[in-house]
Amino acid sequence: MTDAAALPGQPRGAVASGPATARAVNVLAPNPSAMTLDGTNTWLLSEPDSDLAVVVDPGPLDEGHLRHVVATAEKLGKRVALTLLTHGHPDHAEGAGRFAELTGTAVRALDPALRLGDEGLGKGDAVTVGGLELRVVATPGHTSDSLSFHLPADRAVLTGDTILGRGTTMVAHPDGRLGDYLDSLRRLRSLTVDDGVHTVLPGHGPVLEDAQGAVDFYLRHRADRLAQVEAAVARGRRTAPEVVADVYADVHRSLWPAAELSVRAQLEYLRERGAI
């Protein structure tokens, strides 16, 4: 068995509902799949001495899960006061409307179409609820509306699908763009250097104890894949499906449709820079 400390980002171990940091509790959604790993991590955040909580990514439209999130908050003596979204993919956001009905909360997101209430979210915003402070970090690339949330008191960052707890994420072309994604990874790395962030609370998969190591792994992985795609094109692979079959031969075929989205983003990135 591989030692978790030797894996990229030092994953904590098995994914389960429960406390992750002093201020973050995971409520794991029952939607495991090849794309969602163990399921969506719905994050319940609050100051230890506060009776107010923030929920990040209610997850899919699953009544049992949404009620379980509410029940978890109540068991901890908390009332959900606000709902935030990292991005609009259904496994993170589809249940937000129903969750807002259950909790009477506003839903704040970058995309106006996902909001319930007057306030959105944007780069540099700070969200404060019951003494809890979250800083909004713009991290487009996986999608154009992707956000991360810096939790300074725990030296942690909630990354949605920008960084996963296991494996790597896709750039969802054409909405997602590889250049934006690389910039977002560098932005997250600066949090590890300038703000002392060491913990990643991802949208899927286990908590990562080494945030900088995780970001560095992602940057290396993207550089390696770009080189592989460029080489595949030089060998005569011209279409995204042809490149996927060449470069992603080691990836299970069930994941090839997602890989094709990333390849399309990589091809666009290389063309924009005159590399192919």
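Bear in mind that the values here come from a model prediction, so they are computed numbers and not experimental data.

Analysis parameters
- Residues numbered from 1 in each chain as written.
- Predicted model: local features only at pLDDT ≥ 70, side-chain atom pairs only at ≥ 80, totals over all residues.
- Heavy atoms only, no water.
- Salt bridge = Lys/Arg side-chain N within 4 Å of Asp/Glu carboxyl O.
- Helix = DSSP H or I, 4+ residues; strand = E, 2+ residues; numbered from the N terminus.
- Buried < 20%, exposed > 50% of the residue type's maximum accessible area, 1.4 Å probe, protein only.
- Expected span 1.5 Å × (residues − 1).
- Pairing = 2+ DSSP bridges.
- Right-handed = clockwise from strand over helix to strand, strands pointing away.

J.: Is there a simple way to explain the pattern of salt bridges in this structure?
T.: Opposite charge on two side chains permits pairing when their charged atoms draw close. Counted by the stated rule, this structure contains 17 salt bridges. In this structure, Glu 272 and Arg 177 form a salt bridge, with 2.7 Å as the shortest nitrogen-oxygen distance. Residue Glu 272 is found in helix H7 (residues 256-272), and its partner Arg 177 is found in the loop between strand S10 (156-160) and helix H4 (178-194); the two are separated by 95 residues along the sequence. Glu 272 sits in the partly exposed class, given a relative accessible area of 45%. Ionic pairing is found between Glu 260 and Arg 264, a salt bridge with its closest N-O pair at 2.6 Å. In this pair, Glu 260 and Arg 264 both sit in helix H7, 4 residues apart, roughly one turn of the helix. The class for Glu 260 is partly exposed, based on a relative accessible area of 22%.

J.: Just checking my understanding: could you explain helix H5 (residues 211-234) for this structure?
T.: Helical periodicity: at 3.6 residues per turn, an α-helix aligns residues three or four positions apart in one direction. In a regular helix each residue adds 1.5 Å, so 24 residues correspond to 34 Å; H5 covers 35 Å between its end C-alpha atoms and thus fits that length. At the exit of H5 stands Gly 236, carrying a positive phi of roughly 105°.

J.: Is there a simple way to explain the pairing of S10 in this structure?
T.: Side-chain direction in a regular strand flips from residue to residue, so the side chains alternate between the two faces of the sheet. Where burial is concerned, most of S10 is hidden: 5 out of the 5 residues are buried. A two-sided burial pattern is seen for S10, the buried positions comprising Ala 156, Leu 158 and Gly 160 on one face and Val 157 and Thr 159 on the other. Pairing analysis gives 3 bridges linking strand S9 (residues 147-151) to S10, with the strands arranged antiparallel. Bridge pairing in S10 places Phe 149 opposite Leu 158. Between S9 and S10, which pair antiparallel one after the other, the connecting turn spans 4 residues, and Arg 155 there sits at a positive phi close to 50°. Bridge count between S10 and strand S11 (residues 199-202): 4 bridges; the pairing is parallel. Paired with Ala 156 across the two strands is Thr 199, which belongs to S11. In this region the chain leaves S10, passes through H4 and returns to the parallel neighbour S11; the handedness of that crossover is right-handed.

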